[in-house]
Amino acid sequence: MQKTLLSALALFVMASSLFAYNPPTGGEELYRLSEPELLVGGRSAAGGSLFYVTPASIVNNPALTALEQRTMLDVGYTALIDSDDDSGDSYGNAFQLGLTVPSKWGVLTGLVEGVMSPFYDMHLGHSFDFRAGFAKDVTDVLSVGTSADVGIFYGDGTDWTAGIDVGALWSCGQVGFVKDFRIGASLLNLGKPFTNAELVAMDGESEAESFPGLATLKAGVAGVLLSKGKTKLGFSSDLSFPTFQNVVFDAGMQISYNDIIRLSTSWEANLREILEDNKINLPAVGLSFKFVLNSSKLAQGNADWGQSEMLVSSAWQQLYGNVQAVSGSALLKLGMSDTTPPEITLWNE
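First things first, this report covers the structure right here in the doc. (Residues numbered from 1 in each chain as written. Predicted model: local features only at pLDDT ≥ 70, side-chain atom pairs only at ≥ 80, totals over all residues. Heavy atoms only, no water.)

### A few points about the overall build of the chain
- Helices and strands together make up the secondary structure of the chain, namely 4 helices and 14 strands.
- Across the 349 residues of the chain, 48% fall into the buried class.
- Of the contacts made within the chain by residues no fewer than 6 positions apart, 61% connect residues no fewer than 24 positions apart.
- Of the roughly 16400 Å² that the chain leaves accessible, carbon and sulfur atoms contribute 63%. (Helix = DSSP H or I, 4+ residues; strand = E, 2+ residues; numbered from the N terminus. Buried < 20%, exposed > 50% of the residue type's maximum accessible area, 1.4 Å probe, protein only. Contact = heavy atoms within 4.5 Å. Areas by Shrake-Rupley, 256 points an atom, 1.4 Å probe, with all protein chains shown as cover.)

### Focus on the packing of aromatic side chains
- Counting across every chain of the model gives 5 aromatic pairs.
- Measuring from centroid to centroid gives 6.1 Å for Phe-128 and Tyr-154, while their planes differ by 10°, and the two rings are stacked. Remark: Tyr-154 occurs in strand 5 (residues 142-154) and Phe-128 occurs in strand 4 (residues 123-137); sequence separation between them is 26 residues.
- Among the residues examined, Phe-128 registers a relative accessible area of 21% and is labelled partly exposed.
- Judged by relative accessible area, Tyr-154 falls into the partly exposed class, the value being 33%.
- Here the aromatic cluster, defined as three or more aromatic residues joined through ring pairs, consists of Phe-95, Phe-128 and Tyr-154.
- Here the guanidinium or amino end of Arg-131 rests over the ring plane of Tyr-31, the centre of that ring lying 4.8 Å away.
- In this structure, Lys-192 is placed above the aromatic ring of Trp-160, and the distance from its NZ or CZ to the ring centre is 4.6 Å. (Phe/Tyr/Trp six-rings, centres within 6.5 Å; stacked < 30°, edge-to-face > 60°. Lys NZ or Arg CZ within 6 Å of the ring centre and 35° of its normal.)

### Examining the side chain of Arg-182
- Tracing the chain through its elements places Arg-182 in strand 7 (residues 178-192).
- On the basis of relative accessibility, which here comes to 1%, the residue Arg-182 falls in the buried class.
- A distance of 3.2 Å separates a polar side-chain atom of Arg-182 from the backbone oxygen of Asp-180. (Polar contact = N/O pair within 3.5 Å; in protein donor to acceptor, adjacent residues only side chain to side chain.)

Laid out in structure tokens, this is it:
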């Protein structure tokens, strides 16, 4: 049975390379516009430089939420602004609502994303996507996950999408001088992408083909380069292969102080877009703060729920042409992480 599944997956991946590949400019960015953590996280399949995971992280790798012990509620919004757009459209936006709930069987995540980008330089149209994911740690070092999504497209044509993602995360501990070294891999968009959207392709002339890239293989590494006192510095690096006809490189760095203030930056290079004379995007930059909240009223005698956390994040990036992305989000983590290992007593000692 396992060999049959692997063979079917290999045939699907090979067949994807037969599809025409000419998405709109920014088509591979569709699912990372809705919140700051996605903008500045380097699209990391390994959880980002310092491993900050939100419900939206499953768009990069559905295994990333497997280690989460607390219920997470997340809301994000991104304003997309281009006052110089030739088409006369100067404003677009993206948003997301996410929920992650851990259980004894695994971690469940639900995510809703919307993108409205009418600009000529980043003609992505209007779409909504609904995604559900499941992740589980199967060993001390290995986590796996899968997610499924359905989406609709409207305005510039009408279309729909549906597919599944699979992923894995290896937590390797310290490797050389790098602490918390992680390796992540995922295979995304296994299904039907948008194929009937009337959008301008990345070449600026023809009509766009399917997007985001069918059967996108993503792999990346991340870890902590420096940990001194209350300061940590981390990195991440990823490669993606949309439809096995393009290469996208992503890199990110984050520095945090006392796990309260975090400064992030990321940068990417999309080979096919560069070959079509699209300018390389400027790096994204972001800042986040963590607040501790008193949630004793929710605890009802359970000390584990007496304290919660809120992470407030912001980010900016100049995207294609003159499109500016200004993003903000609030992530609420209910309760406290369990960092105390269980005590085992033998023979009543």
